[in-house]
Number of protein chains: 2
Amino acid sequence: MKDETRRLEILRINGTAAAKERDLVVREVPVTIFLNDVDLVTLLCSPKDIEYLAIGFLFAEGIIKGKEDIKSIFADKKDGVVWVETVEGKKLRDNILAKRFITTGCGKGLSFLDSPKHTKGLKARSDFKIRDSQVALLMKECQVRSQTYRMTGGVHSAGLANARGIVAFNEDIGRHNAIDKILGESVLKGIKTDNLILITSGRVSSDIIVKAARSRIAIIVSRSAPTDLSVKLARDLGITLVGFARGSRMNVYSNGWRIVVGSHAR
Amino acid sequence: MKDETRRLEILRINGTAAAKERDLVVREVPVTIFLNDVDLVTLLCSPKDIEYLAIGFLFAEGIIKGKEDIKSIFADKKDGVVWVETVEGKKLRDNILAKRFITTGCGKGLSFLDSPKHTKGLKARSDFKIRDSQVALLMKECQVRSQTYRMTGGVHSAGLANARGIVAFNEDIGRHNAIDKILGESVLKGIKTDNLILITSGRVSSDIIVKAARSRIAIIVSRSAPTDLSVKLARDLGITLVGFARGSRMNVYSNGWRIVVGSHAR
C-alpha cells in the first residue's frame, strides 16, 4: 500500500483558515509496454501490478487471446517497463504496428464497434444469474477493499466476482487500467471469466463493454453512469449492464433477466 | 441539450421493488480527426462542439501552436468526422505520423515529461492571484452550468474563468475531452489563457498539467484528487494546483501564493 501513495506537504483551506499539513496523494507512474522488443504504448498508471496491466491491455486490445500466446514477461517496476514476448513473435508485431498506423491505440475498440463480424463471436452466452441483493453486497465488498481510494480519493477500482465474493481486485488512477489489471490477472492465473461479474467504480463507455466482451463477461456492474453507446453495445452483445449500483438501488440497462429481484439474500 | 442525452428504457431496482422506466442516458459518439487528409485519431466523446474538441486535441498534443497554424476546419457532426488542414500541410503530417510510430497517442505528454527542454519554455509566469472565496464561487458556477451532469451523472465538466466568472465551459463523457473542448474554443476565439483559471470536475493526472501548461494556464482547480506526478509537474512548471475544491474547502498542492486566503468575497 505504501508504494501506492506519497505524503506531500499541502495547504489545507477551510473557509477563512489555512494550515500547512502533510497529506497522502496517490502515485502515478508512466509504464511502457514493449511487445516483441517494440515500444507499443506508454500508459500513465498506478505502480502496482504492472505485469497484470500489460497483459490485460494486450488482451483487452485483442492483441493476445490468452496465456498460450505469451512466451515470456519481464516487468521492471523501477524503470516502469514491461517486456512481453509472444509465441507468434515478430509476425504479430508487424501486424499490430501496421494497424496502429491507421487507428492508433486511443480509439480503442472502434474498429470493433464498426464491424459486426467482430462482435458476432463475442456474444455473452452465460445463463448465470445473480440476486440484486448479492450485487449490492459485491459492490460493497469492492468499496471496503478500495483502501487507496479511501486514503487518497484518487483511484478507480475494479473487481471480478462470482456470487460468493470477489476473486480478483485492483485499483488504478485510470478506470481502464484498473479493469486491464484484473483481466490481466485472470489471463495469467487462468481464471475462467465467463461466469464472473465485472465490478467497476467508473463510468461505462463503449470501450469498457469491449474489454468485458473479449473476456466473455456477461454481467457488468458500475457505481457510475453508462453511455447510450455502451447500453446499445451491451444489448447487442447479450451483456447485462447495471449502473448506479449504490446500496440497494441500481439501474439495469440491458438483459435484465440475469438480475433476480427481491429474493432474500443469504 | 437534447443532442447530449437519449431516453432509454431501464429497470430501476430499489431494494425489493423493480419498475420499468424511461431514463436519460448520456450520448457517446466516436469522432475521427483527419489532419491534412490523414486519419490521426478516433476519440470517444460527447457529440457537442466536436470542432472545439479537434482543435483542442491538436493544441494540447502540441501539434498546432495556435489559430495561425490552422488553414481550414470542417466538422461533419452526423458522421463524426473533423477535417483539419494546417498551414504547414503535408510536412507537419509526416512528422506527426513518424513520431506516433514511437510514442502513440495514448502516452500523451510523456516525451514532454521526460524532457526538461520541453518544459523549460512553458513555465507559468503569470502573477495573477485569486481569493479562495472566488475559487469556491467559480467551482459552484461550473456545477450550476453542468446540466448534462445533473441529468445523467455521466459527464465531466471543464471551464476557463477569470476572477469575475466563467469565459468558456463544456461537458464531455471524457475528462480529457472536456478540457480539450475549452482549450479548442479559446484557440479558435483567440481567448488569451495565461491569466485564466482552469476548472475541472475530474482527477488531475500529469497529462492534464501538460494540457494546461501548453496554454500557459497558471491556476488549475479540481473538485477531485491530483496524483503525485501532477503535483511534481505543477511545482516544476510554476502552476498553482488546487484539488478537492468543495464548498469553502480546498487543498493547495503547489504555488499557494496565487491563492489569497481569508479575504472577504465581494
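Since this is a predicted model, take the numbers as computed values, not measurements.

### Observations concerning the overall build of chain A
From N to C terminus, chain A includes nine helices and 14 strands. Looking at chain A as a whole, 61% of its 266 residues qualify as buried. For chain A, long-range pairs separated by at least 24 residues make up 52% of all intrachain contacts whose partners lie at least 6 apart in sequence. About 11200 Å² of surface is accessible on chain A, with carbon and sulfur atoms providing 51% of the total.

### What about the packing of helix α1 (residues 50-60) of chain A against helix α7 (residues 175-189) of chain A?
All names here are of chain A. Packing of α1 against α7 brings their axes to within 6 Å, and their N-to-C directions diverge by 90 degrees. Considering the angle they form, α1 stands roughly perpendicular to α7. Between α1 and α7, the residues in contact are Glu51, Tyr52, Leu53, Ile55, Gly56, Phe57, Phe59 and Ala60 and Asn177, Asp180, Lys181, Leu183, Gly184, Glu185, Val187, Leu188 and Lys189, respectively. Taken together, the residues that form the contact of α1 with α7 break down as nine nonpolar, three polar and five charged.

### What to know about helix α9 (residues 228-237) of chain A
Along an α-helix, residues three or four apart share an orientation, since each turn contains 3.6 residues. In terms of burial, α9 of chain A is largely enclosed, as seven of its 10 residues are buried. Those residues of α9 of chain A lying buried are Asp228, Leu229, Ser230, Val231, Leu233, Ala234 and Leu237 of chain A.

### A look at the nonpolar core
Among the nonpolar cores identified, the biggest contains 75 residues, and Ile199, Ile209 and Val221 of chain A are the most heavily contacted of them. For this core, the element with the highest residue contribution is α1 of chain A, accounting for nine residues. Excluding residues within four positions of it along the chain, Ile209 of chain A makes contact with Val204, Ile220, Ser230, Leu233, Ala234, Leu237, Ile239 and Leu241 of chain A. Counting 73 residues, the second largest nonpolar core, distinct from the first, contains Val25 of chain A together with Ala54, Ile64 and Ala234 of chain B.

### Structural notes on unusual backbone geometry
At Phe244 of chain A, a position not held by glycine, the phi torsion is positive, near 50 degrees. You can see Phe244 of chain A is positioned in strand β12 (residues 240-246). The backbone of Asn36 of chain B sits at a positive phi, close to 50 degrees, despite the residue not being glycine. With respect to the secondary-structure elements, Asn36 of chain B resides in the loop between β3 (29-35) and β4 (38-45). Judged by its relative accessible area of 5%, Asn36 of chain B falls in the buried class.

### Some thoughts on the packing of aromatic side chains
All names here are of chain A. One pass over the full model with this rule turns up four aromatic pairs over all chains. Ring geometry for Phe34 and Trp83: centres 5.8 Å apart, planes at 20 degrees, overall stacked. Here Phe34, found in strand β3 (residues 29-35), pairs with Trp83, found in strand β6 (residues 81-86); they are 49 residues apart in sequence, far enough to count as distant. Assessed through its relative accessible area of 33%, Trp83 is described here as partly exposed.

### Description of the interface of chain B and chain A
Contact residues are listed per partner, giving 62 residues for chain B and 63 residues for chain A. Of the roughly 5200 Å² buried at the junction of chain B and chain A (both faces included), carbon and sulfur atoms supply 58%. Sorting the residues of chain B by area buried against chain A places Ile13, Glu28 and Asp228 of chain B first, and these three jointly supply 13% of that buried surface. A salt bridge links Arg6 of chain B to Asp228 of chain A, with the nearest nitrogen and oxygen atoms 3.3 Å apart. Applying the counting criterion to the chain B and chain A interface returns 20 residue pairs in polar contact (both at pLDDT 80 or more). Those elements that place two or more of their residues in the side of chain B that touches chain A are β1 (5-14), β2 (17-26), β4, α2 (90-103), α8 (206-214), α9 (228-236) and β13 (249-254) of chain B.

### Examining the sheet that holds β3 of chain B
Residue and element names in this part refer to chain B. If you trace the four strands from one edge of the open sheet to the other, you get β4-β3-β6-β5, paired in mixed fashion. Two strands bound the open sheet, and with one partner strand each, they are β4 and β5 (70-76). Within this sheet the neighbouring strands show an average axis-to-axis angle of 15 degrees, counted without direction. Strand direction decides the pairing type here: β5 and strand β6 (residues 81-86), joined by six bridges, are antiparallel. Residue pairing for β6: Ser72 is matched across the bridge by Glu85.

### A word on the side chain of Ser230 of chain B
Topologically, Ser230 of chain B is positioned in helix α9. At 3.0 Å, the side chain of Ser230 of chain B forms a polar contact with the backbone oxygen of Val204 of chain B. Ignoring anything within four residues of it in the chain, the contact list for Ser230 of chain B reads Glu28 of chain A together with Val204, Ser205, Ser206, Ile209 and Leu241 of chain B.

### Observations concerning the confidence of the model for chain A
Residues and elements named next belong to chain A. The predicted model of chain A averages 89 in pLDDT, with 86% of residues at 70 or higher. pLDDT under 50 marks residues 99-112. Its contacts with residues more than four places away, or in other chains, come to 39 contacts. For this predicted complex, the interface confidence comes out at an ipTM of 0.90, alongside a pTM of 0.91.

### So, the pattern of salt bridges
One side chain can pair with another of opposite charge once the charged atoms of both are near each other. For the structure shown, the criterion picks out 22 salt bridges over all chains. Residue Glu21 of chain B pairs with Arg12 of chain B through a salt bridge whose shortest N-O separation is 2.6 Å. With relative accessibility at 29%, the residue Arg12 of chain B sits in the partly exposed group. Here the salt bridges share partners, and the residues they tie into one network are Arg6 and Arg27 of chain A together with Asp228 of chain B.

### Brief notes about the sheet that holds β6 of chain A
Through backbone hydrogen bonds, the strands of a sheet pair up, either in parallel or in antiparallel fashion. All names here are of chain A. The sheet built from four strands is open, its strands ordered β4-β3-β6-β5 with mixed pairing. Two strands close off the open sheet at either side, each with one partner strand: β4 (38-45) and β5 (70-76). For this sheet, the mean angle separating the axes of adjacent strands, direction not counted, is 15 degrees.

Rules used in this analysis
Residues numbered from 1 in each chain as written. Chains lettered and ligands numbered in written order. Predicted model: local features only at pLDDT ≥ 70, side-chain atom pairs only at ≥ 80, totals over all residues. Heavy atoms only, no water. Helix = DSSP H or I, 4+ residues; strand = E, 2+ residues; numbered from the N terminus. Buried < 20%, exposed > 50% of the residue type's maximum accessible area, 1.4 Å probe, protein only. Contact = heavy atoms within 4.5 Å. Areas by Shrake-Rupley, 256 points an atom, 1.4 Å probe, with all protein chains shown as cover. Axes fitted to C-alpha atoms, helices over the stretch in contact; angles between N-to-C directions. Parallel < 35°, antiparallel > 145°, perpendicular 65-115°, else oblique. Nonpolar A, V, L, I, M, F, W, Y, C, P; charged D, E, K, R; others polar. Core = buried A, V, L, I, M, F, W, Y, C linked by side-chain atoms within 4.5 Å. Phe/Tyr/Trp six-rings, centres within 6.5 Å; stacked < 30°, edge-to-face > 60°. Buried area = accessible area lost by both parts, 1.4 Å probe. Salt bridge = Lys/Arg side-chain N within 4 Å of Asp/Glu carboxyl O. Polar contact = N/O pair within 3.5 Å; in protein donor to acceptor, adjacent residues only side chain to side chain. Pairing = 2+ DSSP bridges. pLDDT = per-residue confidence, 0-100.

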